[in-house]
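# Results of the structural survey
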Amino acid sequence: MRGSGEKLVRIALVGNPNSGKSTIFNQLTGLRQKTGNFPGVTVDIKEGRLRFPGGREAMLTDLPGTYSLYPTSSDEKIVAAVLANRLDTHFPDAVIYVADATHLEKHLLLLTQLLDLDLPVLLALNMSDTAAEIGIRVNTTKLAERLGIPVVAISGRTGENISKLISETEKLISGNSDRAHKRFYPLSDVEKHVTEAVCLNLGLKNQYQGLLVAHHHGWLPFLSAQHRSTIEAIVHDKDFASLRAQVDETLDRYDRFTPIVQDAVQHPPQFPSTPTDRIDAVVTHRVFGPLLFFVVMLLVFQSIYDWSTVPMDLIESFFSNLNIWLKALLPAHWLTDLLTDGILAGLAGILVFIPQIAILFLLVTILEEIGYMARVVFMFDKTMRRFGMNGRSVVSLISGGACAVPAIMSSRTIGNWQERLITTMVTPFISCSARLPVYAVLIGLAVPAKRVFGIFSLQSLTFGSMYALGVLAALASGFVMKKILRSRELSYLAIELPVYRMPHWKNLWLTVWEKVLAFVIGAGKIILIISIVLWALARFGPGKAMELAAEKARLEAARQHLPEKAAADLHAAYQLEASYAGYLGKVIEPAIRPLGYDWKIGIALIASFAAREVFVGTMSTIYSIGSSEDDVALRQKMKSATFDDTGAPVYTLATALSLLVFYALAMQCMSTLAVVKRETNSWKWPLAQFAYMSVLAYLLAWVVYNLFQNSAHL
Amino acid sequence: MQRRYRTVPDLKAHESARALAFEDAALAGKLTAMGLLPGTLIEMVRSAPFGKAYYIKADGVRLALREEEAASIMIDV
Ligand SMILES: Nc1nc2c(ncn2[C@@H]2O[C@H](COP(=O)(O)OP(=O)(O)OP(=O)(O)O)[C@@H](O)[C@H]2O)c(=O)[nH]1
């Protein structure tokens, strides 16, 4: 099999949620892994290369964790869809079944289903370290004998017996392991009739595969419409009660494997009391539970800001120095500008997010690994369900306070498609870190530095209200979407609350690495392209406009005897006005005039589409203070700005508040849209999101502008 | 109307009972697959801070269930 041309043997990791599959996957593949999007659905399947000592290689697939081949969520469906179709590209040649040795009596259901599919299977008894600690003894020889498959006791955490797992796997795919497993579940009469008819129609050889197709014919993606209706007719004709049959089959399987487990596993006379119960008495407590959650989230939030400032500053100053250095080195030419102001600026815009994303995912993964997230899901499930979401959505929404991109990626843990979709759609309403500089400038400009009741500063109150506005918009639109979207998929909470454990560091680093990479590759491309487009819009103008503007700026600077720096700023401002971007700003002015904005704000709005934080920079250029880094100077310029036609001041309180509302609610982040497209696998949702967020932002900004404009006249 | 059986939400904290059967086939599928079977010993640990969900132990395995899920499990009296 070695060498090129031949197809790699494909091995799948299958097991219940929390059995430690991912940990073992990481042990077996290390960094030789990648995440691919499974066609047609939104769950990622991780793949990696498994290298055997002899040099041979196999493709290892980490399938989502599931309890059974009768799935209840979209990620569980993937497992059934892959395993019920021998022609599927992910269909494995062999399976490593991962089971938790400490709860073997609950972990073998799915294994017995795989046995009936006639797949070569190897049972990996994971968590042997914990099992030994609490005094559970598993007789692997007996288990192997009774099940008719190889059994290896391993620990993904300590690495114990991983090399044995690898050699057993190699034996399995070479057909050298002794396996003699029998059919596990004997079909009932009705099941037999249905299955025979299905197998005959589809040309299937395996009986259990036929049964799975009969159960799942409504949604299995590989069935043609014609097959679907044929099977529908068979099922109807034979009076096949699918749900009932599934439960009966499951119970029958338990009846058959429970004696085997009891025979092979020796439990200690008494389970030692675990710290988990004592911890949960506080962590899920009626009062302390939510309180603790609040504190934990505040800490997470705080850390994201605190720890990311230094690396973000370093990245920014690195790029600005590189920019200055390159500009000095290279001839003044538009190609130089493309490299520095277009490509490098775009790269900086991507990389500057990495510290926040890495820190956020580090913290969230720690919370996940130790088992805390399952408790959060339990505590907030009811609250979030009101708003069309799920307990897990809390985590995404809070993460959105840093950056919507990783926050949306973290919503993958939500099983129900509709709840996950709503979470994805509303997360960008939460005020992210990119909005902060915009808020700072506008609030400083418009809100007086007064105190209310002598304690609260009016400015920080406005800041707080911006966050509240975001949360409110997110929950309210969740509520509305829940009424509009209708999901046929049942929603479940039913979740295992795992015992508390120390995080496994290798898992942590690999997860963080994987998320950062996903961001850089997924969203990064788009940010880069958009910033190059924006650069071009601002760099070039129609006809001779740019040359004329340059000439005008030169004359004006000479007339006013401006120093070199101010002259350069003036030049930049005139050029921007004459460019396509300035032209576009003027084109959209009529549309944004009702909100109180002029064409200069229009340019900033257009530029902000790539990323909001561009607002401050763009405004500085327009008001020709491009070279100064100073908020105060910008605010003064903005204060004295007037409308070109009427001469009325632009930045009244009404305009500033309307802009604040607009920036809080509008979808102005290309990377978020890119991620939503990636996560939902369609342009429909990001487009809908863009539309409703923009409309909402426009309407509310209009309302706010008019409210304050009119009250100012009173 | 007087019911002749109880369901999981009827359990008080730290009270245990054995599961008998399920009221809903779809939920039964999910719960049995997770190892909650007729005959499983269920202990009520506590209800969620804002209600509508329960923290239980099923043969020592910790599970969180929604109100509807818990109410679909009939238990002995
Ligand atoms: N003590 C111990 N803990 C382990 C072992 N293997 C994994 N874990 C821990 O068990 C937890 C679950 O492991 P994962 O690898 O995320 O489990 P999974 O099966 O991929 O879970 P899902 O992603 O929910 O499908 C993590 O906290 C791991 O650190 C092991 O052999 N011993």
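Bear in mind that the values here come from a model prediction, so they are computed numbers and not experimental data.

## What about the overall build of chain B?
When helices and strands are counted, chain B shows 2 helices and 6 strands. Ordered by position from the N terminus, the helices and strands of chain B form the series β-β-α-β-β-β-α-β. Over its C-alpha atoms chain B spans a radius of gyration of 11 Å, differing by no more than 12% from the 11 Å that the globule rule assigns to 77 residues. Expressed as lengths along the three principal axes of its C-alpha atoms, the size of chain B is roughly 30 × 30 × 20 Å. For chain B, buried positions account for 56% of its 77 residues. For chain B, long-range pairs separated by at least 24 residues make up 55% of all intrachain contacts whose partners lie at least 6 apart in sequence. Carbon together with sulfur atoms contributes 52% to the accessible area of chain B, which is approximately 3300 Å² in total. Taken as two groups, the 11 positive and 10 negative side-chain charges of chain B have centres that lie 4 Å from each other.

## Description of helix 15 (residues 354-370) of chain A
At 3.6 residues per turn, the α-helix brings residues three or four places apart onto the same side. Residue and element names in this part refer to chain A. End to end, helix 15 covers 24 Å across 17 residues, agreeing with the expected 24 Å (1.5 Å per residue, within 8%). Listed as buried for helix 15 are P355, Q356, I357, I359, L360, F361, L362, L363, V364, T365 and L367. Of the residues flanking the end of helix 15, it is G371, one or two places downstream, whose phi is positive at about 105°.

## Looking at unusual backbone geometry
Positive phi, normally seen in glycine, also occurs at A:N18, with a value near 70°. By the element assignment, A:N18 lies in the loop between strand 1 (9-15) and helix 1 (21-29).

## Topic: the interface of chain A and chain B
Between chain A and chain B, the contact holds 40 residues from the first and 35 residues from the second. With both sides pooled, the region where chain A packs onto chain B buries about 3200 Å², and carbon together with sulfur makes up 62% of that total. Run the count over chain A and chain B and you get 6 salt bridges. Residue A:D277 is joined to B:R62 by a salt bridge in which the shortest nitrogen-to-oxygen separation is 3.1 Å. The tally of links from chain A across to chain B stands at 19 residue pairs in polar contact (both at pLDDT 80 or more).

## Re the site of the ligand
Residues and elements named next belong to chain A. Every one of the 20 residues lining the ligand counts as a neighbour, but K21, S22, T23, D129 and G156 are closest to it. N18 places a main-chain nitrogen or oxygen 3.1 Å from an oxygen atom of the ligand. Between the ligand and S19, the relevant distance is 3.1 Å, taken from an oxygen atom to a main-chain nitrogen or oxygen of the residue. Burial of the ligand by the protein amounts to 85% of the accessible area it has alone, namely 650 Å². Mapped by element, the contributors of at least two residues to the shell around the ligand are helix 1 and helix 5 (128-133). When residues of the shell around the ligand are assigned to their parent elements, the largest contribution, 3 residues, is made by helix 1. Mapped onto the domain boundaries, the shell around the ligand takes at least three residues apiece from domain 1 (9-174) and domain 3 (288-432 + 440-517).

## Observations concerning the nonpolar core
A:Y597, A:F615 and A:Y651 are the most contacted members of the largest nonpolar core, which has 103 residues in total. The two domains that each donate at least three residues to this core are domain 3 (288-432 + 440-517) and domain 4 (527-708) of chain A. Residue contacts for A:Y597: discarding those within four places in its chain leaves A:E589, A:I592, A:L605, A:F643, A:T655, A:S658, A:L659, A:F662 and A:A701. Of all hydrophobic cores here, the second largest spans 85 residues; its members include A:I78, A:F257, B:V8 and B:F22.

## Considerations on the pairing of strand 3 (residues 41-47) of chain B
Residues and elements named next belong to chain B. In this structure, strand 2 (residues 16-22) lies alongside strand 3, joined through 3 bridges in antiparallel fashion. Looking at strand 3, one finds that R18 is bridged to L41. Where strand 3 hands over to strand 4 (residues 53-58), the hairpin turn is made up of 5 residues, of which G51 adopts a positive phi near 80°.

## Thoughts on the packing of aromatic side chains
In total, this model carries 12 aromatic pairs over all chains according to the counting rule given. Geometrically, the ring pair formed by A:F318 and A:F319 is edge-to-face, given 5.3 Å between the ring centres and 85° between the ring planes. Among the residues examined, A:F318 registers a relative accessible area of 48% and is labelled partly exposed. A relative accessible area of 9% places A:F319 in the buried class. Note on A:F378 and B:Y55: the rings are 5.8 Å apart at their centroids and 85° apart in plane angle, and the pair reads as edge-to-face. On the criterion of chain membership, the pair formed by A:F378 in helix 16 (residues 372-386) and B:Y55 in strand 4 is interchain, its members lying in two chains. Following the ring pairs from residue to residue traces out a cluster consisting of A:F293, A:F380 and B:F50. Taking NZ or CZ as reference, A:R253 lies 4.8 Å from the ring centre of A:Y208, over its face.

## Quick look at the domain arrangement of chain A
When cut into domains, chain A gives domain 1 (9-174), domain 2 (189-266), domain 3 (288-432 + 440-517) and domain 4 (527-708). Between domain 2 of chain A and domain 3 of chain A, the C-alpha centre-to-centre distance is 43 Å.

## Focus: the sheet that holds strand 2 of chain B
Backbone hydrogen bonds are what pair the strands of a sheet, in a parallel or an antiparallel way. Spatially, 12(A)-5(B)-4(B)-3(B)-2(B)-6(B)-1(B) is the arrangement adopted by the 7 strands of the open sheet, whose pairing is antiparallel. Looking along the sheet, the strands with just one partner apiece sit at the ends: strand 12 (495-496) of chain A together with strand 1 (6-7) of chain B. Relative to strand 6 (residues 73-75) of chain B, strand 1 of chain B runs antiparallel, the two sharing 2 bridges. Within strand 6 of chain B, the residue paired with B:T7 across the bridge is B:M74.

## Thoughts on the packing of helix 1 of chain A against helix 7 (residues 162-174) of chain A
Residues and elements named next belong to chain A. Two numbers describe how helix 1 lies on helix 7: the axes approach to 11 Å, and their chain directions differ by 80°. Judged by the angle between their axes, helix 1 and helix 7 are roughly perpendicular. In this structure, helix 1 contributes I24, Q27 and L28 to the contact, and helix 7 contributes I162, L165 and I166. Its residues assigned to classes, the contact of helix 1 with helix 7 comprises 5 nonpolar, 1 polar and no charged.

Conventions and cut-offs
Residues numbered from 1 in each chain as written. Chains lettered and ligands numbered in written order. Predicted model: local features only at pLDDT ≥ 70, side-chain atom pairs only at ≥ 80, totals over all residues. Heavy atoms only, no water. Helix = DSSP H or I, 4+ residues; strand = E, 2+ residues; numbered from the N terminus. Rg over C-alpha atoms; globule rule 2.2 N^0.38 Å. Buried < 20%, exposed > 50% of the residue type's maximum accessible area, 1.4 Å probe, protein only. Contact = heavy atoms within 4.5 Å. Areas by Shrake-Rupley, 256 points an atom, 1.4 Å probe, with all protein chains shown as cover. Lys, Arg positive; Asp, Glu negative; His and termini not counted. Charge placed at Lys NZ, Arg CZ, Asp CG, Glu CD. Expected span 1.5 Å × (residues − 1). Buried area = accessible area lost by both parts, 1.4 Å probe. Salt bridge = Lys/Arg side-chain N within 4 Å of Asp/Glu carboxyl O. Polar contact = N/O pair within 3.5 Å; in protein donor to acceptor, adjacent residues only side chain to side chain. Near = heavy atom within 4 Å. Domains from an automatic or database assignment. Core = buried A, V, L, I, M, F, W, Y, C linked by side-chain atoms within 4.5 Å. Pairing = 2+ DSSP bridges. Phe/Tyr/Trp six-rings, centres within 6.5 Å; stacked < 30°, edge-to-face > 60°. Lys NZ or Arg CZ within 6 Å of the ring centre and 35° of its normal. Axes fitted to C-alpha atoms, helices over the stretch in contact; angles between N-to-C directions. Parallel < 35°, antiparallel > 145°, perpendicular 65-115°, else oblique. Nonpolar A, V, L, I, M, F, W, Y, C, P; charged D, E, K, R; others polar.

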